[in-house]
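# Descriptive analysis of the structure
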Amino acid sequence: MLPATQVKICGINDAGAYDAACYAGAEWVGFVFYPPSPRAVSPEQAAALAARGGTGRRPVNVGLLVDADDAMIEAVLAEVSLGLLQLHGMESPERCAAIRRRFGLPVMKALGIGGEEDLARLAEYAPAVDRFLLDAKPPRGAALPGGNAVSFDWSLLAGREIPRPWMLAGGLTPVNVAAAIRAAGAPAVDVSSGVERVRGVKDPVLIAAFVAAAHAA
Ligand SMILES: O=C(O)c1ccccc1N[C@@H]1O[C@H](COP(=O)(O)O)[C@@H](O)[C@H]1O
C-alpha cells in the first residue's frame, strides 16, 4: 500500500545516499544532469547508482534536466533507465510536449511559485505534462534554478485544484515537512538541500528522517 504522502529524494550522487533512500522507502530518487549543480552526476555515474541492489524498495529514477537539448537527453537515456523526466528550466509547454512525445517518458515540469500569477500557468502546461513540481522561485542572482533551500508560502496551494498529480518542493527539511504537507495539501514532496550535511553532500540519517516524517504526515 502506498503511504499518504510520497517522497522524492533529489540530487543523489553517492552510494550511501542511494542506499539510504531505498532503505527508507522513498518512491523516487532524482539524478541531476546539470553540470553547474554541486549534485550533478554523469549518466554513467547515475547508471551505476541505479544498478545497486539496495535494501528495501527500488525507487523510480528521475532525471533532472535544465533546458536540455535532445542530444543531451539521448545521451542520458543511452546509459540510465529513467521513469520520469523532471524539466527544471524555462521549457515552454511546447518543448515539454515535444520531449514527452520524442522520448516516450512521463514529464514533470517544475514551476516556481511566488503568487497567484504563477498558479495561472498550470492550466497552460497541463496538457503537455504528466506531473508538476511546485517549487520556490530561485533567489535573485542564484546560480541554480532550484536546489537553493528556499521555501515559498505553502498556503498559496491550500485547497487548490492542481490539474495534474504534483509534488511540493523548496526548502523542505525533516523538521518542516509535515507542516508543509498539511499547509499545502501536498500529495508528494521533493527534497535536496534539506537532507544534506554540506551543500551537495547527502546525509543518510537526514534522508531517513525526512522520508519517515513525510510518510507519517
Ligand atoms: O538540486 C539541484 O542542484 C538542482 C539544480 C537545478 C535545478 C533544480 C535542482 N534541484 C531541485 O530543486 C528543488 C528544491 O530543492 P531544495 O530542497 O530546496 O534544495 C528540488 O525539486 C530539487 O529537485
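Note that the structure is a prediction, hence the values are computed from the model and not measured.

## Focus on the packing of helix H2 (residues 43-50) against helix H3 (residues 70-79)
How two helices pack is summed up by the angle between their axes together with the distance between the axes. Where H2 meets H3, the closest approach of the two axes is 8 Å, and the angle between their N-to-C directions is 30 degrees. The angle between the axes of H2 and H3 places the two elements in the roughly parallel class. Pair H2 / H3 crosses with right-handed handedness. Residues Pro43, Glu44 and Ala47 of H2 form the contact with H3, whose own contacting residues are Ala75, Val76 and Glu79. A class-by-class count of the residues in the contact of H2 with H3 yields four nonpolar, no polar and two charged.

## Observations concerning the site of the ligand
Around the ligand, 27 residues are found, and the nearest of them are Cys10, Ser37, Gly146, Gly147 and Ser193. Secondary structure elements with two or more residues in the shell around the ligand: strand E2 (28-32), strand E6 (131-135) and strand E8 (188-191). Grouping the amino acids of the shell around the ligand by side-chain chemistry returns 12 nonpolar, 12 polar and three charged.

## Digging into the pairing of E2
Where burial is concerned, most of E2 is hidden: five out of the five residues are buried. As defined by bridge partners, strand E1 (residues 6-10) adjoins E2 across three bridges and the pair is classed as parallel. By the bridge assignment, Lys8 is partnered in E2 with Trp28. At this point the chain moves from E1, through helix H1 (residues 15-24), to the parallel E2, and the crossover so formed is right-handed. Pairing of E2 with strand E3 (residues 60-65) involves five bridges; the strand directions are parallel. In the sheet register, Phe31 faces E3, and the bridge partner there is Gly63.

## Side note on the nonpolar core
Ile9, Ala21, Leu65, Ala180, Val189 and Ile207 are the most contacted members of the largest nonpolar core, which has 65 residues in total. Of all the elements, H1 adds the most residues to this core, at six residues. Residue contacts for Ala180: discarding those within four places in its chain leaves Trp154, Leu168, Leu172, Ala186 and Val189.

## A closer look at unusual backbone geometry
Here Asp67, not a glycine, exhibits a phi torsion of approximately 50 degrees, which is positive. Turning to its location among the elements, Asp67 is positioned in the loop between E3 and H3. Even without glycine at this site, Ala149 takes up a positive phi of about 60 degrees. As for its placement among the helices and strands, Ala149 is situated in the loop between E6 and strand E7 (166-168). For Ala149, a count of 16 C-beta atoms within 10 Å translates into the label partly exposed.

So, how was this worked out
- Residues numbered from 1 in each chain as written.
- Predicted model: local features only at pLDDT ≥ 70, side-chain atom pairs only at ≥ 80, totals over all residues.
- Axes fitted to C-alpha atoms, helices over the stretch in contact; angles between N-to-C directions.
- Helix = DSSP H or I, 4+ residues; strand = E, 2+ residues; numbered from the N terminus.
- Parallel < 35°, antiparallel > 145°, perpendicular 65-115°, else oblique.
- Left-handed = near helix turned anticlockwise from the far one by under 90°.
- Contact = placed C-beta atoms within 7 Å.
- Nonpolar A, V, L, I, M, F, W, Y, C, P; charged D, E, K, R; others polar.
- Near = placed C-beta within 6 Å.
- Buried ≥ 20, exposed ≤ 12 C-beta atoms within 10 Å, placed from the backbone.
- Pairing = 2+ DSSP bridges.
- Right-handed = clockwise from strand over helix to strand, strands pointing away.
- Core = buried A, V, L, I, M, F, W, Y, C linked by C-beta atoms within 7 Å.

Treat this as a map of the structure, not an account of what it does.
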